[in-house]
Structures are given as C-alpha cells and as structure tokens.
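What follows is the residue order along each chain.
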Amino acid sequence: AVGTRVEVPAEAIVIDGTGLTVYPGLIDAFTDVGVSASAPAGQGAAPQAPRPAARPIRGPQDRPGTTPWVQAADEFRADDRKIETWRNGGVTTVVTAPRGGIFPGQAAVVNLSGERREDVVVRSAAALPVVLTPPAGGQTFPGSLMGVYAYVRQVMLDTRHLSDLARRYEESPRGRTRPDHDRAVQALQGALQARTPFLLPAMSTPQIERVIEFGRELDLPSMVLYGAHEGYAAVPQLARAKVPVLVSAHWPEKPKDADPEADEDLHALEVRDRAPSTPAALAQQKVP
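Keep in mind that this is a model prediction, so the values were computed, not measured. (Residues numbered from 1 in each chain as written. Predicted model: local features only at pLDDT ≥ 70, side-chain atom pairs only at ≥ 80, totals over all residues. Heavy atoms only, no water.)

1. So, helix α4 (residues 145-171)
Moving on, step 1. Taking 1.5 Å as the rise per residue, α4 with 27 residues should run 39 Å; its terminal C-alpha atoms sit 39 Å apart, in good agreement.
Moving on, step 2. Considered for burial, the residues of α4 that qualify are G147, V148, Y149, Y151, V152, V155, M156, D158, T159 and Y169.
Moving on, step 3. For α4, the secondary structure elements touched by its buried residues are α5 (183-193), β5 (198-202) and α6 (205-218). (Helix = DSSP H or I, 4+ residues; strand = E, 2+ residues; numbered from the N terminus. Expected span 1.5 Å × (residues − 1). Buried < 20%, exposed > 50% of the residue type's maximum accessible area, 1.4 Å probe, protein only. Contact = heavy atoms within 4.5 Å.)

Here it is in structure tokens:
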C-alpha cells in the first residue's frame, strides 16, 4: 500500500518515501527474459554439452519445432543478466516464454525481484505462444509458410482426435487399442482444457485478418495477437473479432550492409521514426 494514512500490518516492511517518487512498475507482456541463453551477470556463457545428431524430420508425425510441454516457470533463471536492464527501465513484471520452434513452450508471469525461482513466479502456464515461421530457416519440414499453417492445423486436429480416442478408451477399454503416447498433444490438450490463451503472430493488416480467421478455424478457446505493427490499420477487424493485441516494440532496423545511397520505403522510415529508444519506452509500448 502507498499513502499518507496507511494501516501498516505488523509483519510489513516500512520504506521511508521522503524525497522519493513512487510509480507503478511496467509489465513487459511478451519476452524471453530469464529463459533465453543469456549468461548470468558477470559471467561468460556456460559451456554447452554436445548435442546428439538430430533425427531427420519426415513429416508432421515427428513434431518438428514442437515442445509445448516446456514451462518457462521451470526454466526461469533469476540470475539472467537481462533482468537488471529491464528493471532499470522500470519493468518489474514480465510474461516470459521460451523461444525457438513453432510451439516453443508455455509462458509464465514472473516478477523481476527475487533470488529463487519459487519466489518470483506469479503464474505458470499463463499463455501458449505459436510461431508461424518455418523452423531452422526453412531447411527442414515444414519449409514454407503454407507448410507451417498446414502443420499447426494438423497438430490441433491430432490433439482433438487423440483426446476423443483417449476418452473412449477410458470409458470402455475392452477391445480397443490403447492410444499412442504423444506428450506434445497431451500438453496442448491440457492448454485447451484450461482455456489457456494462444498467442498468434501477425504484423501487417493481411496477416491480422488471416490469423484471426485461422484462430477461428482452430476453435481456440482464447486467442491473443502479438506483433501488430500495422494494427492501427486493422482496428475495425480487431474490434469485430474482440481479439486482445500485444503491440511489439521490436521495429524493423536497417541492415548493416545495406546500400547507404538506396532509397528507403516511406512506411519503413515512419515506423523506425516511432521506435522507442529506451527500455522504459519499449515496455510502455508492449503493455496491452
């Protein structure tokens, strides 16, 4: 509590606010702080154990880029050096999620103050992000945008189909084949049953319209769009769909090896001109 007349509980820590300014902490609504590969403050990157050779991906049955069972709450590191940067910018809470793949894992709401994971996790399995770009730079299945959409569609169909098979088996197992174990499907089943929000990316107006329709096709219980750099141009569509939006502050940057004399697109210049220059400004633009 903050105020001039506050009833102070006996166990509370009282902070003298004389000469200080109190303001609410900002929330970074979608980040990978604490679960990325960033090394702890003052340390170099931890040595990586050699990875076994990856099995070739033959099709959707191999579940490429699909690890929805991974929990950011379990992976969070309170010693991530990026935490100090976010806190210096006024960010006190984040919704953080693993990165990499199409279904990289489940996001968690985490406070950026505390030394132990148990002290800072506010809520686990808070959202399930989906990435609609080909994994591994398109060098494996699915290798195109159309392929990613088809794969996500297939995974969600498999999830509902195997859920139905499991229900029938539990009701009457005699004479039925036990459903196959698929931890990706089981994690997605749990997210659907818990009505966990699915985070879907969309930058431009056509992408926003396409993803809204895609979410309806998948019959997601809850959907949130992230990115939305051109969300201002799709306000009517977003209003009709009643879809929450997280506006990303990761704006396009000019390539370092770009021709310095080449003309730049006016829209790109306008977007870059509006880009935030501080962590605080970045966090303010990302609050839903």
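On we go.
2. Some details on the sheet that holds strand β7 (residues 245-247)
Moving on, step 1. Taken together, the seven strands give an open sheet; going across it, the order is β1-β2-β3-β4-β5-β6-β7, and neighbouring strands pair in mixed fashion. The open sheet has two edge strands with one neighbour each: β1 (26-31) and β7. Strand-to-strand, the axes of this sheet are offset by a mean angle of 30°, without reference to chain direction.
Moving on, step 2. The sheet contact formed by strand β3 (residues 107-111) and strand β4 (residues 121-129) spans three bridges and is antiparallel. (Pairing = 2+ DSSP bridges. Axes fitted to C-alpha atoms, helices over the stretch in contact; angles between N-to-C directions.)

3. Structural notes on the confidence of the model for the protein chain
Detailed conclusions should not be drawn from predicted coordinates in areas where pLDDT is low.
Moving on, step 1. Of the residues in the protein chain, 83% reach a pLDDT of 70 or more, and the chain-wide mean stands at 83.
Moving on, step 2. Taken together, the stretch residues 39-53 has pLDDT below 50 and engages in 12 contacts with residues farther than four places along the chain or on a different chain. (pLDDT = per-residue confidence, 0-100.)

4. A closer look at the packing of aromatic side chains
Moving on, step 1. Scanning the entire structure with this criterion turns up three aromatic pairs.
Moving on, step 2. Judged by centre distance (6.2 Å) and plane angle (90°), the ring pair of F141 and Y151 falls under edge-to-face. Of this pair, F141 sits in the loop between β4 and α4 while Y151 sits in helix α4; the two residues are 10 residues apart in sequence, bridging distant segments of the chain.
Moving on, step 3. The cationic tip of R99 hangs over the ring face of F30; the distance from NZ or CZ to the ring centre is 5.0 Å. (Phe/Tyr/Trp six-rings, centres within 6.5 Å; stacked < 30°, edge-to-face > 60°. Lys NZ or Arg CZ within 6 Å of the ring centre and 35° of its normal.)

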